[in-house]
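The lines below spell out each chain.
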Amino acid sequence: MAQRRSVRLQARRSRQAYGLLRFPDSSSTAIVPVGHGTMQQEQNRTRDSAMEYTKNAQYCALKLPAVPNILKSKNDGSFTGFIDSATESALLLTPTSAYVWKYSSPDHLPTAISFPISNASGAQPLGALVSPCAGSTEPGLVLVNPTTGQLTYWDAVGGALAEGLLHRKKGMETTIPLYQSETLEYLQNIEPAGVILATSTGRFVLVALHDGVGRPGVACTAMRGAGTGLWSNIVGFVKMGSTRRDVVAMKPGKLLGRGERMVVTANTRGAVTMWHCSRTGDYRLVFEMDLREQLVNSIAGVYPHAERTFRVHDIEMLPDDDTMGLLLSSFTYDEDDEEKIYYVLFTAYFDPVDFRIMSAHRITCYTMHSTRPPRLLLPSPGFTAFIVLSNAVVLLDTVLKPKSDENLSTTFKWEDVIRFKPEIELMSAGTEDMSQINGQVTRHAGIIVVARGAGVIRIERFENESGGSVVRSSADVIKSKLEQAVYYGFIDENPLDFGKVKEVGYDINDIETAISAVSDEIFNGTSLYMQVDETMTCLTLRCQALGRLAEHLSLIFPSLSAEIRYQVLFKLEKCEAAKNIYALWFASAASVSRSGMLSEVISDMTQGSGSVDSFFRDDVSKIGDLVTAFSNKCLVRARTASGHRNIMLQHVREANEFLLTVLSSSANVIRSHYKAPVFKLSHAWGVTQPWTSTFDVLNSLSRQFEVTKTVCTSLWEVSDTADEQVAINLRDLCDQLVGLAESLCRAYEERISFCEARESRREQAENLKRAYAEQRPGWLKPLLAFGCGEQAFQLGERYRDFRTLAEMCREEKVQLDKFSDETSRVAQEHLAMRTKYYFDTYGYEFAQTLYQYYIDAGYTSELFVAFPAYTEYLERFLSDGKYDRVAWIHDIQEGDFISAGMKLANVAEKMEDPLSNKRLQLSIAKLCLISASVGGAQVEDDVRYINEQLDRIDRLEEENVDVNEVVEE
């Protein structure tokens, strides 16, 4: 126990280090992790009103409260978006409208600026938020019509709303010249240089939004990037048709100076260009190369067929680096006749003279198709790359500066995926860089995601305090996913999908290792997610968590081994038992009437070193030992208090209540809800020994039943007195006696099933079967004497104890036949219906047992007349020859004299009976044969044979007489 307390203390310290939260509920809000600094006042207010969707030691996903109505609607129209972390604003565009709001607002319905867009073509407009003008906190806005080339710039979004789109004083316009059928396809903010656009023909256009001294103004420059002159124009035109067409990414890179910035572009083929752009309209091409062949060749050894479907999706340069960058690509791969998308993240050194691919990392945690273009985001300081797909966000470590002796191709150590439910669509995303004040992190590096059906979500990655990249085994990753499903998956409005771990194809051993670790932490109370101080709350949360784990496993991992399923089931049962015992003995109004024995037993078990609360928090695994110890203690106390009836009754009742609470109200209830329905476990117990039917538990139940029966007998003898308390005690004890009888039957069947499953335990199983069959009537039949006949019959039916049912039916009939009143007559009819029900329901199996009982007990005469409607069963029972000694009677009743005679003749011949008995049997047999109206020659032969046997008996008797006379002389 001391060791477990140490683990719990370590868990609390870990919680302080990582800031993991209490067990969440549907109304829980996110709290700033203790180990990661504090936010500024506005950010704190936003987080306090946010909802935590998931969290672990690596990252957190928060739903931000500010959700405009457009995101709440079920409109399936086209949306594009833009996130500006500098002003914490979001832009959402439809073909006819624009919406801008502050996503960091703590208000659930934020003030959103929305206005119509004049768009005769109906094409999806391009847009971006840009930096506010001097003296303002309101972002600027750039909108472009992709078919006409019309570009409008407002230095404040409020200007667009205030002035309208037709008559505005603050809006600045220009028209980008387009060729016939040429359209604008891509717009990117590259401030302070302005914005850059790409056309469908492969042209790049730089649009400056300020002049050289910072005054607002719009100026466009076509970026040729091939020098001047006729030949340069020809080269530029050729490149437009090859390396610059089908652009999928245009990303701002390193700041180069006042008003100047690096820009990197990539197209779907894998051609990359890098430019130095200035807000003066100047630009310079510094890198241009078609990397497709090199990218494909770098993975061809592992994926030789990747070239056919290979395509690039996005590119990002590392923060403040103009040579090292990441490039996101994918290809289609047929695996086990299933088409998957393999996403590959390349790390490359972009030098025009010495280009090198440093590493190629295939994303293993996600292989689904994305309905929207995959986006690669790299918030500063660039330790974590975020890959945003239509229905998921992948996070993975990057290593910016590997050690000199370390191969960069091995430095991607960790990846994980946050999946969303199928109806959720991620429409846009933007980065938020890590920020610090006085060395304390005030905002973790992360991204803001705008999702249709889920609102605005912030996904942030916690800093790795140990430095370097995080290395986690597959079991660790699965464990984290399981924990998130258990602690967050139950929230109804949570848009995350925690049920796709199986798609990754983890090894079953890793899965079961993770399950065991998660269930152990919940069971022992060491999970970082549920550190609470109040014992009752702690036990309740453990039961909830284990129940959710069980439900989740049944949905996601139906092929788990029986052993791991039993582990989780037994832990849940023990937690439920501990919770119910603690509630009844220490946390309810009735607990004051307890004798205090349980506290004494716990003190004895812990040798005085642990309190009741510490036992129920740290030693739930010992609940089975507590059952035996408490039962023994109560029996000792009951014997010593035999002269004080009330005290003895209290001890016996308390021991019964304890046993029944643990075994029936807790373990059996949980088992009935989870064993077969959830875990799909059969009734067999071949893998793991059930803790509810150990030999100690069987002995405790047996002793407790006998003591309770004895006490009930003594109370029954005085129950006709006017003592109301005696009647109450008797009623309670009789109810408990029924529960003990049921628990004994259930426990024995569990134990027998467990022993039968292994060859080494077969002998033990046979011994248990014999003991069970011998003792079971002694558990059920006494219930009749205490007015619990209906419960006795129900138990007999449930456990198919047909012998006891037959005995109880006859005993009830004998008792009822003594009376002739109306009540007895109705009871007789009810008993007859019950017997008929048994015949009809259980068929020959019951009939055979009943007939055997009647023969064994000597009720042969009743056997042939008591159940006339089931003659078929009786004839089948008598037909195997074992019961010819009585079967001939039935034949005579049926008029079959020949069969009766032959059976009696066989009995006389085979049985070692006295000669007088044989004479009687043969005589009756002869009489039967002679009485037969048919038979012919065969009957005559049989009669002749019987006469010979009778003559032989006469001779034997004469010889015996002669011998006796000689002896007498």
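Residues numbered from 1 in each chain as written. Predicted model: local features only at pLDDT ≥ 70, side-chain atom pairs only at ≥ 80, totals over all residues. Heavy atoms only, no water.

**Q** Account for the overall build of the protein chain, naming residues and giving values.
**A** Helix and strand counts for the protein chain come out as 27 helices and 31 strands. Counting every position in the protein chain, which comprises 969 residues, the buried fraction comes to 52%. A separation of at least 24 residues holds for 60% of the contacts in the protein chain among residues at least 6 apart in sequence. Entry remark: accessible area of the protein chain is about 43400 Å², with carbon and sulfur atoms responsible for 50%. (Helix = DSSP H or I, 4+ residues; strand = E, 2+ residues; numbered from the N terminus. Buried < 20%, exposed > 50% of the residue type's maximum accessible area, 1.4 Å probe, protein only. Contact = heavy atoms within 4.5 Å. Areas by Shrake-Rupley, 256 points an atom, 1.4 Å probe, with all protein chains shown as cover.)

**Q** So what's going on with helix α25 (residues 897-910)? Which residues, and what values?
**A** In this model, α25 (14 residues) spans 20 Å end to end at C-alpha, consistent with the 20 Å of a helix rising 1.5 Å per residue. Looking only at α25, the buried set comprises S899, A900, G901, K903, L904, A905, V907 and A908. (Expected span 1.5 Å × (residues − 1).)

**Q** Please provide a residue-by-residue account of the sheet that holds strand β25 (residues 392-397), values included.
**A** Spatial ordering of the open sheet is given by β23-β24-β25-β26, a layout of 4 strands whose pairing is antiparallel. Unpaired on one side and paired on the other, β23 (375-377) and β26 (415-419) mark the two borders of the sheet. On average, each strand axis in the sheet is inclined to that of its neighbour by 20 degrees, with strand direction left out of account. In this sheet, β26 lies alongside β25 in antiparallel orientation, the contact comprising 5 bridges. Across the sheet, the residue bridging to V393 is I418, located in β26. (Pairing = 2+ DSSP bridges. Axes fitted to C-alpha atoms, helices over the stretch in contact; angles between N-to-C directions.)

**Q** Run through the packing of aromatic side chains, naming residues and quoting values.
**A** Within the structure shown, the criterion is met by 45 aromatic pairs. Considering the side-chain rings of F839 and Y870, the 4.2 Å spacing of their centres and the 10 degrees angle between planes classify their relative orientation as stacked. Of the two residues, F839 sits in helix α20 (residues 822-842) while Y870 sits in the loop between α22 (860-863) and α23 (871-878), which places them 31 residues apart along the sequence. Across the pair, Y870 and F839 agree in class, each one buried. Relative to Y873, the ring of Y844 lies with its centre 6.1 Å away and its plane at 55 degrees, an arrangement referred to as tilted. Separated by 29 residues along the polypeptide, Y844 in helix α21 (residues 844-856) and Y873 in helix α23 bring together distant segments of the chain. The exposure class of Y873 is partly exposed, given its relative accessible area of 21%. Of note, R751 hangs over the ring of F695, and the distance from its end group to the ring centre comes to 4.5 Å. (Phe/Tyr/Trp six-rings, centres within 6.5 Å; stacked < 30°, edge-to-face > 60°. Lys NZ or Arg CZ within 6 Å of the ring centre and 35° of its normal.)

**Q** Would you mind going over the sheet that holds strand β2 (residues 59-64) in detail, with residue names and values included?
**A** In space, the 5 strands of this open sheet follow the order β1-β2-β31-β30-β27, with antiparallel pairing throughout. Edge positions in the open sheet fall to β1 (51-55) and β27 (425-432), since each of these has one partner strand only. Neighbour to neighbour, the strand axes of the sheet diverge by 20 degrees on average, direction disregarded. Here 4 bridges tie β1 to β2, and the two strands are oriented antiparallel to one another. Within the sheet, the bridge partner assigned to E52 lies in β2 and is L62. With respect to the sheet, helix α7 (residues 474-488) is in contact with β1 and β2, its orientation differing from that of β1 by roughly 155 degrees.

**Q** Give a description of a negative patch on the surface that names residues and reports values.
**A** A cluster of like negative charges, contributed by E872, E875, E894 and D896, occupies part of the molecular surface. Along the chain, D896 turns up in the loop between α24 (884-893) and α25. With relative accessibility at 36%, the residue D896 sits in the partly exposed group. (Patch = residues over 30% accessible without salt bridge, like charges linked within 9 Å, V, L, I, M, F, W, Y side chains within 5 Å. Salt bridge = Lys/Arg side-chain N within 4 Å of Asp/Glu carboxyl O. Lys, Arg positive; Asp, Glu negative; His and termini not counted. Charge placed at Lys NZ, Arg CZ, Asp CG, Glu CD.)

**Q** Outline the pairing of strand β3 (residues 80-84), supporting the account with residue identities and numerical values.
**A** Of the strand pairs in this sheet, β3 and strand β4 (residues 89-93) are connected by 5 bridges, and their pairing is antiparallel. Looking at β4, one finds that T80 is bridged to L93. Counting the residues that bridge the hairpin from β3 to β4 gives 4 residues, and of these E88 lies at a positive phi of roughly 55 degrees.

**Q** Tell me about the environment of A925, and please be specific about residues and values.
**A** Tracing the backbone through its elements, the reader meets A925 in helix α26 (residues 915-931). For A925, a relative accessible area of 0% gives the class buried. For the pair A925 and L904, spaced 21 residues apart in sequence, the C-alpha to C-alpha distance is 5.5 Å. Excluding anything up to four places from it in sequence, A925 contacts G901, L904, A905 and I946.

**Q** Tell me about the pattern of salt bridges, and please be specific about residues and values.
**A** Under the defined criterion, the tally for this structure stands at 47 salt bridges. Among the ionic pairs, E706 bridges to K709, the shortest N-O distance being 3.4 Å. With E706 and K709 both in helix α15 (residues 695-717) and 3 residues apart, this pair spans about one turn of that helix. Where salt bridges share partners, they join K781, R803, E807, E811 and D856 into one cluster.

**Q** Can you break down unusual backbone geometry residue by residue, with the values?
**A** Residue P192 is reached from E191 by a cis peptide bond, and omega for that bond is 15 degrees. Locating P192 in the fold gives a position in the loop between β11 (184-189) and β12 (195-199). Here the bond from S380 into P381 is cis, since omega is 15 degrees, no more than 30 degrees from zero. Of note, P381 is situated in the loop between β23 and β24 (384-388). With a phi angle near 55 degrees, E88 is a residue other than glycine that sits in the positive phi range. Note that E88 resides in the loop between β3 and β4.

**Q** Which residues make up the environment of C712, and what values go with them?
**A** With respect to the helices and strands, C712 occurs in helix α15. Between the C-alpha atoms of C712 and N729, which are 17 residues apart in sequence, the distance is 8.8 Å. Ignoring anything within four residues of it in the chain, the contact list for C712 reads L730, L733, C734 and F786.

**Q** For the side chain of N656, give the residues involved together with the corresponding values.
**A** Here N656 lies in helix α14 (residues 645-674). Looking at N656, its side chain comes within polar contact range of the side chain of Q704, at 3.1 Å. A polar contact is formed between the side chain of N656 and the side chain of Q736, at a distance of 2.8 Å. Not counting chain neighbours up to four residues away, the residues in contact with N656 comprise Q704, T708, L733, Q736 and L740. (Polar contact = N/O pair within 3.5 Å; in protein donor to acceptor, adjacent residues only side chain to side chain.)

**Q** Could you give an account of the side chain of D497, naming the residues involved and the relevant values?
**A** Mapping D497 onto the fold places it in the loop between α7 and α8 (508-524). You can call D497 buried: its relative accessible area is 17%. Here D497 is in contact with R419, F420, K421 and P422, once residues within four sequence places are set aside.

**Q** Describe the nonpolar core, and please don't skip the residues or the numbers.
**A** Counting residues in each nonpolar core, the largest one holds 157 residues, and the members touching the most others are V393, I459, I515, F616, F658 and Y851. At 15 residues, helix α16 (residues 724-756) tops the list of elements feeding residues into this core. Filtering out sequence-adjacent residues up to four positions away, F616 remains in contact with T535, L539, R542, A578, I581, Y582, F586 and I602. Membership of the second largest hydrophobic core comes to 29 residues, among which are A128, V130, L151 and I176. (Core = buried A, V, L, I, M, F, W, Y, C linked by side-chain atoms within 4.5 Å.)

**Q** Provide a residue-level description of the packing of α23 against α24, including the pertinent values.
**A** Interhelical geometry of α23 versus α24 gives an angle of 145 degrees and a closest axis separation of 10 Å. Crossing of α23 over α24 shows left-handed handedness. Residues T871, L874, E875 and L878 of α23 pack against D884, A887 and H890 of α24. Its residues assigned to classes, the contact of α23 with α24 shows 3 nonpolar, 2 polar and 2 charged. (Left-handed = near helix turned anticlockwise from the far one by under 90°. Nonpolar A, V, L, I, M, F, W, Y, C, P; charged D, E, K, R; others polar.)

**Q** Describe in detail the packing of α16 against helix α18 (residues 789-798), supporting the description with residues and values.
**A** α18 packs onto α16 with a crossing angle of 10 degrees between their chain directions and a minimal axis gap of 11 Å. In terms of axis orientation, α16 runs roughly parallel to α18. From α16, V738, A741 and E742 reach across to α18, where they touch Q791, L795 and R798. Grouping the constituent residues of the contact of α16 with α18 by class yields 3 nonpolar, 1 polar and 2 charged. (Parallel < 35°, antiparallel > 145°, perpendicular 65-115°, else oblique.)

**Q** So what's going on with the pairing of strand β8 (residues 140-144)? Which residues, and what values?
**A** Along β8, 5 of the 5 residues are buried, which leaves the element largely enclosed by surrounding structure. Here β8 shows two buried faces, one formed by G140, V142 and V144 and the other by L141 and L143. Note: strand β7 (residues 126-130) against β8, 5 bridges, orientation antiparallel. Note on β8: the bridge partner recorded for L126 is V144.

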